[in-house]
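Here is how the chains run, residue by residue.
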Amino acid sequence: MGGTEHLTVAREGATLVLTLNRPEAKNALSLPMLVGLYDGWIEADEDDSVRSIVLTGAGGAFCAGMDLKALAGNGMAGEEYRDRLKADPDLHWKAMLRHHRPRKPVIAAVEGACVAGGTEILQGTDIRVAAETAVFGLFEVRRGLFPIGGSTVRLPRQIPRTHALEMLLTGRPYPAREAAAVGLVGRVVPEGEALATALEIAERINACGPLAVEAVKASVYESADLTETEGLAAELARGWPVFDTADAREGARAFAEKRTPDFKRA
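To keep things clear, this report deals only with the structure shown in the data block.

**What about unusual backbone geometry?**
Next, step 1: Positive phi outside glycine occurs at alanine 116, with the angle close to 50°.
Next, step 2: Along the chain, the position of alanine 116 falls in the loop between strand E5 (113–115) and helix H5 (117–122).
Next, step 3: On the basis of relative accessibility, which here comes to 14%, the residue alanine 116 falls in the buried class.
Next, step 4: Unusually for a residue other than glycine, arginine 265 sits at a positive phi of about 60°.

**Re helix H10 (residues 210–222)**
Next, step 1: In this model H10 runs 18 Å from its N-terminal to its C-terminal C-alpha over 13 residues, within 8% of the 18 Å that 1.5 Å per residue would give.
Next, step 2: Of all the positions in H10, only Pro210, Val213, Glu214, Ala215, Lys217 and Ser219 are classed as buried.
Next, step 3: Looking at the buried residues of H10, the elements they touch are strand E4 (106–110), helix H9 (194–206), helix H11 (228–243) and helix H12 (246–257).

**Considerations on the nonpolar core**
Next, step 1: Ranked by internal contacts, the top residues of the largest apolar core, which has 47 residues, are Leu18, Leu37, Val110, Phe136 and Leu184.
Next, step 2: A total of eight residues in this core trace back to one element, the largest contributor, which is helix H1 (residues 31–46).
Next, step 3: Counting residues in hydrophobic clusters, the runner-up holds 12 residues, among them Ala194, Ala198, Ile201 and Val213.

**Quick notes on the sheet that holds strand E1 (residues 7–12)**
Next, step 1: Strand order across the open sheet formed by six strands is E1-E2-E3-E4-E6-E9, with mixed pairing between neighbours. The open sheet has two edge strands with one neighbour each: E1 and strand E9 (187–189). Within the sheet, the average angular offset between the axes of one strand and its neighbour, ignoring direction, is 20°.
Next, step 2: Where strand E3 (residues 52–57) lies against E4, three bridges are found, and the strand directions are parallel.

**Notes on a nonpolar patch on the surface**
Next, step 1: Together, Leu236, Trp240 and Phe243 make up a nonpolar patch on the protein surface, roughly 400 Å² of accessible area in all.
Next, step 2: Looking at the secondary structure, you find leucine 236 in helix H11.

**Details of the pairing of E4**
Two faces, one strand: in a regular strand the side chains alternate between the faces of the sheet.
Next, step 1: By the criterion of burial, E4 is predominantly enclosed, with five of the five residues buried.
Next, step 2: Neither face of E4 is exposed, since Val106, Ala108 and Val110 on one face and Ile107 and Ala109 on the opposite face are all buried.
Next, step 3: Where E4 meets strand E6 (residues 127–131), four bridges bridge the pair, whose relative direction is parallel. When the bridges of E6 are listed, alanine 109 appears paired with valine 129.

**Description of the environment of glutamate 140**
Next, step 1: By the secondary structure assignment, glutamate 140 is in the loop between strand E7 (135–137) and helix H6 (151–158).
Next, step 2: Taking the C-alpha atoms as reference, glutamate 140 lies 50 Å from glutamate 250; in sequence the two are 110 residues apart.
Next, step 3: In this structure, glutamate 140 is in contact with Ala116, Gly117, Glu120, Leu145, Phe146 and Pro147, ignoring residues within four places of it in sequence.

**Here's the deal with the pattern of salt bridges**
Next, step 1: Overall, the coordinates contain 19 salt bridges when judged by the stated rule.
Next, step 2: Where aspartate 47 meets arginine 11, a salt bridge forms, and the shortest distance between an N and an O atom there is 3.5 Å. Of this pair, aspartate 47 sits in the loop between H1 and E3 while arginine 11 sits in strand E1, and the two are 36 residues apart along the sequence.
Next, step 3: With its nearest N and O atoms 3.4 Å apart, the salt bridge here joins arginine 253 to glutamate 250. Here arginine 253 and its partner glutamate 250 are both found in helix H12, three residues apart, which amounts to about one turn of the helix.

Rules used throughout
Residues numbered from 1 in each chain as written. Predicted model: local features only at pLDDT ≥ 70, side-chain atom pairs only at ≥ 80, totals over all residues. Heavy atoms only, no water. Helix = DSSP H or I, 4+ residues; strand = E, 2+ residues; numbered from the N terminus. Buried < 20%, exposed > 50% of the residue type's maximum accessible area, 1.4 Å probe, protein only. Expected span 1.5 Å × (residues − 1). Contact = heavy atoms within 4.5 Å. Core = buried A, V, L, I, M, F, W, Y, C linked by side-chain atoms within 4.5 Å. Pairing = 2+ DSSP bridges. Axes fitted to C-alpha atoms, helices over the stretch in contact; angles between N-to-C directions. Patch = residues over 30% accessible without salt bridge, like charges linked within 9 Å, V, L, I, M, F, W, Y side chains within 5 Å. Areas by Shrake-Rupley, 256 points an atom, 1.4 Å probe, with all protein chains shown as cover. Salt bridge = Lys/Arg side-chain N within 4 Å of Asp/Glu carboxyl O.

Below, the structure written as structure tokens:
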């Protein structure tokens, strides 16, 4: 397993847990953190034993956005991290899920601040759990900046446009309950329980057929910008091959035999 000085990687069964780990800076994004995130997404994609991913933050915060000083390389990032960025100038966008979508489901477990770049990364995740004390928001316009991590495109597609524009144009904070009410997060749980809840969701996903899970996720995203007719055709192209897998046959047998299926990703 990988990881860097600002990002830890751990396994919980078939779940890869990525933890943003700069609690002294509310997990503001640094170059080592971005490199670790990118490596984590790739590790999950390439390791068939990983069936889901949980993204969370250490120290009671999720992510407070970009740390511009750290990203400028003022001694907080080693030469190896700067070399990685030089070798792939798109790496930071892939790390933030702007230019990369993992094959496996990504569940966000949010405690505390999830603002600016934190809210932008959140929009690249699939399922979102927030503690009731979590706070969200895109503060860029308040500083004369642009939320260039994808929010002007993604947010109006994920929540009603009127709410997206209010969030983008006012730069105000949104408490967890309000974020859930507009559809930015799916669950609100007591403080300190976001990670445990996310892992419970991940475990339910892990118990399902991995080929089916990945095909369902891919179908949802690839049909998002299609007409209904085009989307239904794309769904058939994705869905029918799943029925011709050994896992599909195992699922049917297990149901008939009243036992837990033993999926082999085949």
